[in-house]
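So the chains spell out like this:
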Amino acid sequence: MTEQGLADDANLRGLLIPYAFGASGERVSPRGAARGHSYQCPECQERLVFRQGEVKVPHFAHYRAPESCRFMSEGWLHIAAKHAMFHAVSEWVEGHGPAPQLLRRCETCRQETWQPLPGKLKTVTMECRLSSGRVADLVLSNGSGPVALVEIYDTHAVDEEKEKDLCGIPWVELSATEALRDPIHWRPRMSSGLKPFRCRCASAVRMKAIDRGCALHVDGCPMRARVWRGKPYANVMDDCSACEHLIDLVHIERGEDDAEAYVLCDGFGKACADNPAALQAAGNVHVKGTG
Ligand code: SF4
Ligand SMILES: [Zn+2]
Ligand SMILES: [Zn+2]
């Protein structure tokens, strides 16, 4: 999409000016605005009007063309994305909105998972000057200091020189277009210094599937999906496939007629995953006569 196309698109969706200041200085998003109220542009402080109609998506627009407003400048995409992110994170830390989520890749199984931002984050600051003199797009702090930076990429990616200026604080770089469209789901283009991430597979137990003729079972189901003579088990197709603890079904081919199937299950929790008795129960107990 061309820049003009994106501007039209953003204007239509009411995303170009992601929020306005209300009469008491509070941030108001287009969804929470009402006609007849007075609003102010968070960039140029000029008056905004709220527009809504049968065919119009709710959005803010300048009452008069402003003399100078960065929302109307050449770098509007970067500015609008930054404000959209600032608004989304502020809403969350103030308890009014969902937690932004970061797409992480598990160091062990390489699967991607959305990880909500940690609850210890208390404040977000836009365009904050770091001790190096560099201005970071967004700084996330936990009350005692910055813990992460967000850089919005429009035309200038974080390079080696810029990274030095980020003072060793963990950072992620997000595309301005994506951040503007969806400021809650963050797909980093680049990142550095984040804590290594391991998904649910960290507490997975591998349970061997047993072919009992008419059904495939795993013995030792921690949720006791089924019980036979006091021993828990699960039907792989009927129970595990619909279970929240299922991480994966693994099929291993060893030869033409030699294959094994396993259920990767995190139902034991971390404590039990380290418990040899639980592991043994999960993997090795054969329950006769179940079917
Ligand atoms: S995935 Fe685990 S907890 Fe869920 S039914 Fe299967 S064995 Fe039981
Ligand atoms: Zn303005
Ligand atoms: Zn994993």
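Note that the structure is predicted; figures quoted are calculated from it, not measured. Here, residues in each chain are numbered from 1, in the same order as that chain's written sequence. To label them, take the chains in the order written and letter them from A, then take the ligands in the order written and number them from 1. In view of the model being predicted, local features appear only for residues whose pLDDT reaches at least 70, and side-chain atom pairs are presented and counted only at 80 or more, with totals across whole chains, interfaces and linings using the full set of residues.

*Asks:* Explain the overall build of the protein chain to me, using residue names and the numbers behind them.
*Replies:* Within the protein chain one finds six helices and 20 strands. Residue burial is a threshold on neighbouring C-beta atoms within 10 Å of the residue's own C-beta, all placed from the backbone, with 20 or more meaning buried, 12 or fewer meaning exposed, and counts in between meaning partly exposed. Sorting the 291 residues of the protein chain into buried and exposed places 27% on the buried side. Note on contacts: each residue gets a C-beta atom placed from the backbone, and two residues are in contact if those atoms are within 7 Å. Contacts spanning at least 24 positions in sequence make up 48% of the contacts within the protein chain whose residues lie at least 6 apart. In this description a helix means any DSSP run of H or I spanning at least four residues, a strand means any run of E spanning at least two, and both kinds are numbered starting from the N terminus.

*Asks:* Lay out the sheet that holds strand S8 (residues 123-129) with the relevant residues and their values.
*Replies:* Here the rule is simple: two strands pair whenever DSSP picks up at least two bridges between them. Read across the open sheet, the five strands follow the order S8-S9-S10-S11-S13; overall the sheet is mixed. Lying at the two open borders of the sheet, with one neighbouring strand each, are S8 and strand S13 (190-192). For this sheet, the mean angle separating the axes of adjacent strands, direction not counted, is 25°. Sheet topology note: the strand S9 (residues 135-141)/strand S10 (residues 146-153) ladder contains four bridges and is antiparallel. All axes here are fitted lines through C-alpha atoms, helices being fitted over the stretch that makes contact, and every angle between N-to-C directions spans 0 to 180 degrees.

*Asks:* Describe the nonpolar core, and please don't skip the residues or the numbers.
*Replies:* If you look at the biggest cluster of nonpolar residues, it comprises 39 residues, and the most contacted ones within it are Ala20, Ala80, Ala81, Met85, Leu138, Ile152 and Ala179. Only helix H2 (76-93), S9, S10, strand S11 (171-175) and helix H4 (176-181) provide two or more residues apiece to this core. Looking at which element gives the most residues to this core, the answer is H2, with ten residues. Shared between two domains, this core holds at least three residues of each, these being domain 1 (1-73) and domain 2 (100-198). A set of buried residues drawn from Ala, Val, Leu, Ile, Met, Phe, Trp, Tyr and Cys, joined through C-beta atoms within 7 Å, is what defines a nonpolar core. Domain boundaries shown here were taken from an automatic or database domain assignment.

*Asks:* Could you give me a rundown of the sheet that holds strand S18 (residues 231-235), with the residues and numbers involved?
*Replies:* One open sheet accounts for four strands, arranged S15-S16-S18-S17; its pairing is antiparallel. Sheet topology places strand S15 (210-211) and strand S17 (226-228) at the edges, where each strand pairs with a single neighbour.

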